[in-house]
Amino acid sequence: MSDRVHFTIESEDEDEIVEVILLNKYPELQGFGLDISGGTNRPYRGSTGIFVSALKTQGLAEKSGKIEVGDQILKVNGYCVANVTHDEAVKYFISNRNQVTLQLKKKAGQMLNADIHTLSSSVESLTFSEKSSNQENDQAGSSLSLSGFLIGLTLGVLCVMLIKKYSK
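Small disclaimer: the values here were computed from a predicted structure and weren't measured.

The rules behind each value
- Residues numbered from 1 in each chain as written.
- Predicted model: local features only at pLDDT ≥ 70, side-chain atom pairs only at ≥ 80, totals over all residues.
- Heavy atoms only, no water.
- Helix = DSSP H or I, 4+ residues; strand = E, 2+ residues; numbered from the N terminus.
- Buried < 20%, exposed > 50% of the residue type's maximum accessible area, 1.4 Å probe, protein only.
- Contact = heavy atoms within 4.5 Å.
- Areas by Shrake-Rupley, 256 points an atom, 1.4 Å probe, with all protein chains shown as cover.
- Pairing = 2+ DSSP bridges.
- Phe/Tyr/Trp six-rings, centres within 6.5 Å; stacked < 30°, edge-to-face > 60°.

A few points about the overall build of the chain
Then step 1. Across its full length, the chain carries 5 helices and 7 strands.
Then step 2. Secondary structure of the chain in N-to-C order comes out as β-β-β-β-α-β-β-α-β-α-α-α.
Then step 3. Of all 168 residues assigned to the chain, the portion counted as buried reaches 30%.
Then step 4. The long-range share in the chain, meaning contacts at least 24 apart out of those at least 6 apart in sequence, stands at 56%.
Then step 5. When the accessible surface of the chain is split by element, carbon and sulfur atoms take 53% of a total near 10,400 Å².

Looking at the pairing of strand β3 (residues 34-38)
Consecutive residues of a regular strand have side chains that alternate between opposite faces of the sheet.
Then step 1. With 4 of its 5 residues buried, β3 lies for the most part within the structure.
Then step 2. Note that β3 and strand β4 (residues 50-55) share 5 bridges and pair antiparallel. Within the sheet, the bridge partner assigned to Gly38 lies in β4 and is Ile50.

Thoughts on the packing of aromatic side chains
Describing an aromatic ring pair means giving the distance of the ring centres and the angle of the ring planes.
Then step 1. Across all of its chains, the model carries 2 aromatic pairs by this definition.
Then step 2. When the ring of Tyr44 is compared with that of Phe51, the centres are 5.2 Å apart and the planes differ by 35°; the resulting orientation is tilted.
Then step 3. Judged by its relative accessible area of 14%, Tyr44 falls in the buried class.
Then step 4. Seen in terms of ring centroids, Tyr79 and Tyr92 are 4.5 Å apart; in terms of plane orientation they differ by 10°. Their pairing is stacked. Linking Tyr79 in strand β6 (residues 79-80) with Tyr92 in helix α2 (residues 86-94), this pair joins segments that are 13 residues apart in sequence.
Then step 5. Assessed through its relative accessible area of 44%, Tyr79 is described here as partly exposed.

This is the structure in structure tokens:
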């Protein structure tokens, strides 16, 4: 079995529904390369749905090119996850570590609609607390590099999403 990705795209109004199949030829060594958030017991950005919250660098999900942070997961291996707990969704993912079939609702505008002020405040708060901690520990440079990384990452994600949105 080799690393392969299969996907189909259906258009529903402006919402794009994508089916992605990730095949994992090393299930004992790696996962599918994505983190999920949400569930009826852990709302994600005010929603009880299940969402892709992170992609692992060079993981299967990232390599597919069809999965992005913020995508809502509608089905996992044929099971609807619209109204399940976080742990139930995880169980659907790990029921077959060799292959996962995902039905995703693309959320290209989700990051753009996020409250940028809240994100900026979070970064400033993190920077301030790290500066205080670093001053106590005499490690002055690391807070700036983490803050710069977070700001750069945020701006990079926003730029990619804007490019995708307006290049259609």
